[in-house]
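# Observations on the three-dimensional arrangement
Spelled out from the first residue to the last, the chains are:
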Amino acid sequence: MISSQDEALSRKAYETWNRKCVDRARLAEKNFFNDADSSSDESLEPTLDAKTAKDDFLFKSSSQQKLNLWYQVKNYKLSSSVDPENDNLYIFWQFLVTVALLYNAICIPLRASFPYQTASNLHIWLLLDYLSDCTYVIDVLLFQVRRQYLKRGCVETDKANTKSHYFASWRCKRDMLAIAPTDLLYLLIGVKPLIRVNRLIKTDSYFEFNNWFEMSLKQAYLFRVARTTGYLLYIVHLDACFYYYISYMWGFTSLWGYNLKGVAYIRCYFWAFMTTVTIGNVPDPVETIEYVLQISNYFAGLFIFSIVIGQVRDSVQAASAEVEAYRNQKNACINYMQKNNIPIEIQKKVRLWFEYTWNTQKILNENDLLKQMPGKMHTELAINVHMDVLSKVEIFKECDRQLLYDLLLKLKPILYLPGDYVCKKGEVGREMYIITNGMVQVVGETKSQIYATLYPGTAFGEISLLAIGGGNRRTANIFSPGYTTLFILYKQDLNEVVQNYPEAQGILRRKAKKMLKKDNVKKTITAVSSGLHSVKQNKGLNLIKAVFHVAKASNKELKNMSKILKCEDSKR
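Calculation criteria
- Residues numbered from 1 in each chain as written.
- Predicted model: local features only at pLDDT ≥ 70, side-chain atom pairs only at ≥ 80, totals over all residues.
- Heavy atoms only, no water.
- UniProt positions renumbered as here; feature names shortened; annotations may be inferred.
- Helix = DSSP H or I, 4+ residues; strand = E, 2+ residues; numbered from the N terminus.
- Buried < 20%, exposed > 50% of the residue type's maximum accessible area, 1.4 Å probe, protein only.
- Contact = heavy atoms within 4.5 Å.
- Salt bridge = Lys/Arg side-chain N within 4 Å of Asp/Glu carboxyl O.
- pLDDT = per-residue confidence, 0-100.
- Pairing = 2+ DSSP bridges.
- Expected span 1.5 Å × (residues − 1).
- Core = buried A, V, L, I, M, F, W, Y, C linked by side-chain atoms within 4.5 Å.
- Phe/Tyr/Trp six-rings, centres within 6.5 Å; stacked < 30°, edge-to-face > 60°.
- Axes fitted to C-alpha atoms, helices over the stretch in contact; angles between N-to-C directions.
- Parallel < 35°, antiparallel > 145°, perpendicular 65-115°, else oblique.
- Left-handed = near helix turned anticlockwise from the far one by under 90°.
- Nonpolar A, V, L, I, M, F, W, Y, C, P; charged D, E, K, R; others polar.

Looking up the protein in an unreviewed UniProt entry gives the name Cyclic nucleotide-binding domain-containing protein, with the organism given as Clavelina lepadiformis. Quoted verbatim from the Subcellular location (unreviewed entry) field of the UniProt record, the comment on the protein reads "Membrane".

This is the structure we're talking about:
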């Protein structure tokens, strides 16, 4: 039996636990809902002891949780390998390495030629130098040794294998040269920036980040043009440094060189730019060596500038290639219509289709693009884009999911313009439609008689797919009041896919009979309702008898209605 002392201790422990639970609930209400006034806030102050409040991370305020950010960073564990395409930390570090490389590429020639490195600011330059060196070293020791690679078509993620693969690669050799401690030569010849020129060898990270960034942009050609322009400006920067250094070697006495007026770098950069782009309008050389240097500079500038202009032209041309192809197709179609005297109204609709399709999709036929991909990749794209729409169609809800995957590849997009009829009553239907964008209306004999409006995700025309023994007549007019994008599934494509799914054939047959029966009942009820309307006008039962005689109704409800009408007729 439990002693009274043990029972008291248990009760006390329970009360303590219960009090903590209540306090936590009140604190959660205060933090998460924030609907208490100032007076109630004071009453809701937590009574948790210090140890519990320290350990209970769930109910801490947002400010307290932010204090744990350093704890999370400090206890962050690196994975055994990194995916160079999707690992955000790796991509960010390649960006930092790129910044460090650009710093070295710009500042090493600048400091080596212009008097911008002095004894008073030397500590700042050294700090920046060693920060960039640390970026290089961390990239090698923490990221490159864990970088995944392909081995016989498979991604290798084992840390030991990635490390050995990196050390055996040419990239490792270039990285080792880039981080070689050439700064030790400072002890012998002083702080000369050109000693660090080996830091410019680490270009792999630069090109890797550039490729990733270019692939992530929607209009990559703008980035390519900007990058090529940056290369040109960097060449001008090197030329400006060389021009100042030559002027310095000649003691700034030559009329052709820099004359110590104005801001040195701006003046030299202007001279280098005018020379590189072959504009001229610079001081004429005097000495023979100056003529040689000027001619060499003009020739190099002409060669480099032509390469840059060619790359810019190629980038712009590649970006406008799709637009040019679209214009060619549009013009060819317009010429064809004009040559064959197509009515103006049809020509306007064709122009409208071209412009709307291009403005919304930037491609006239998405199937041409998808056909270039492997079947599996095509299926994955179709699943992510269209699966939600197809799975909502009533006739396919109980079917095998793999059947839906196969049907996705058979869907064909089509655009209807404002004022188009998708289908008309009485037409033979051999396809069904699924609305993906826009809306359609079920109308009567005129467009103003609107019976229903169908929105994206709605399917219609299923009876045409499931009708046995040929096509089925359309029972309504479907009108597009605006721009409407539909997916079409043809009966032939459905039959081709269903052949491989016997169970689905049975499901679709049952649904076909059910839907056809329901459709026939609707038709008969419509006929009866129109007959009753005529009876009201003619005040007799002869027209209803004629309707039942023609319809030969097999429906139980209609048979019962027929018997009732016969009884009423005999009573008369």
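Back to the text.
## Considerations on the overall build of the protein
A tally of regular secondary structure across the protein gives 24 helices and 12 strands. Sorting the 572 residues of the protein into buried and exposed places 34% on the buried side. Sequence separation of at least 24 residues holds for 68% of the intrachain contacts in the protein that already meet a minimum separation of 6.

## A short note on the pattern of salt bridges
Tallying each qualifying case throughout the model produces 15 salt bridges. The salt bridge involving Glu208 is made with Arg147; its shortest N-O contact spans 2.9 Å. Placement of the pair is Glu208 in helix α11 (residues 204-215) and Arg147 in the loop between α7 (122-143) and β1 (149-151), with a sequence separation of 61 residues. We classify Arg147 as partly exposed; its relative accessible area is 25%.

## Quick look at the confidence of the model for the protein
The predicted model of the protein averages 76 in pLDDT, with 71% of residues at 70 or higher. Low pLDDT, under 50, characterises residues 35-63; the stretch is placed with 34 contacts to residues that sit more than four places away or in other chains. When the criterion is pLDDT under 50, residues 546-554 qualifies, and its contacts beyond four places in sequence or with other chains add up to 10 contacts.

## What to know about the UniProt feature "transmembrane region" (unreviewed entry) in the protein
When the UniProt feature table is mapped onto this chain numbering, "transmembrane region" (unreviewed entry) sits at residues 89-112, 124-143, 231-250, 262-279 and 291-310. As a span, residues 231-250 carries 95% helix and 0% strand, and end to end its C-alpha atoms are 29 Å apart. Helix makes up 100% of residues 291-310 and strand 0%, with an end-to-end C-alpha separation of 28 Å.

## Some points on unusual backbone geometry
Of note, the phi angle at Phe252 is positive, near 55 degrees, even though the residue is not glycine. Residue position: Phe252 is located in the loop between α12 (220-249) and α13 (264-276).

## Considering the sheet that holds strand β6 (residues 431-437)
Across the sheet, which stays open at both edges, the 4 strands sit in the order β3-β12-β6-β9 with antiparallel pairing between neighbours. At either end of the open sheet lies a strand with only one pairing partner, and these are β3 (412-416) and β9 (459-460). The sheet contact formed by β6 and strand β12 (residues 484-490) spans 6 bridges and is antiparallel. What sits directly across from Glu431, in β12, is Tyr490.

## Observations regarding α13
Helix length check: α13, at 13 residues, gives a terminal C-alpha distance of 18 Å against a target of 18 Å (1.5 Å per residue), a fit within 8%. Taken together, the buried positions of α13 are Ala264, Cys268, Tyr269, Trp271, Ala272, Met274, Thr275 and Thr276. Looking one or two places after α13, you find Thr278, whose phi comes out positive at around 60 degrees.

## Side note on the nonpolar core
Core analysis: the biggest nonpolar cluster contains 25 residues, and Leu390, Val393, Phe396, Leu403, Leu407, Met432 and Ile434 have the highest contact counts within it. Secondary-structure elements contributing two or more residues to this core are α18 (375-391), α19 (401-408), β6, β12, α21 (491-498) and α22 (502-538). Among the elements that take part in this core, α19 stands out by supplying 5 residues, more than any other. Sequence-distant contacts of Leu403, defined by excluding residues within four places in its chain, comprise Val497, Val498, Tyr501 and Ala504. Residues Leu110, Trp256, Ala264 and Met274 belong to the second largest nonpolar core, which totals 17 residues.

## A word on the packing of aromatic side chains
All chains considered together, the criterion is met by 24 aromatic pairs. Ring plane angle 40 degrees and centroid distance 6.4 Å describe the contact between Tyr245 and Tyr248, whose orientation is recorded as tilted. Linking Tyr245 with Tyr248, this pair stays in helix α12, spanning 3 residues, or about one helical turn. In this structure Tyr248 comes out as partly exposed when scored by relative accessible area, which is 48%.

## A few points about the side chain of Glu214
Looking at where Glu214 falls in the secondary structure, it is placed in helix α11. Overall, Glu214 belongs to the buried group, its relative accessible area being 15%.

## Observations regarding the packing of helix α6 (residues 88-113) against α12
The N-to-C vectors of α6 and α12 enclose an angle of 15 degrees; their axes lie 9 Å apart at closest approach. Here α6 is positioned roughly parallel relative to α12, judged by the angle of their axes. Classified by chirality, the crossing of α12 by α6 is left-handed. Between α6 and α12, the residues in contact are Ala105, Ile106, Pro109, Leu110 and Ser113 and Tyr234, His237, Leu238, Cys241, Tyr244 and Tyr245, respectively. For the contact of α6 with α12, the residue count by class is 9 nonpolar, 2 polar and no charged.

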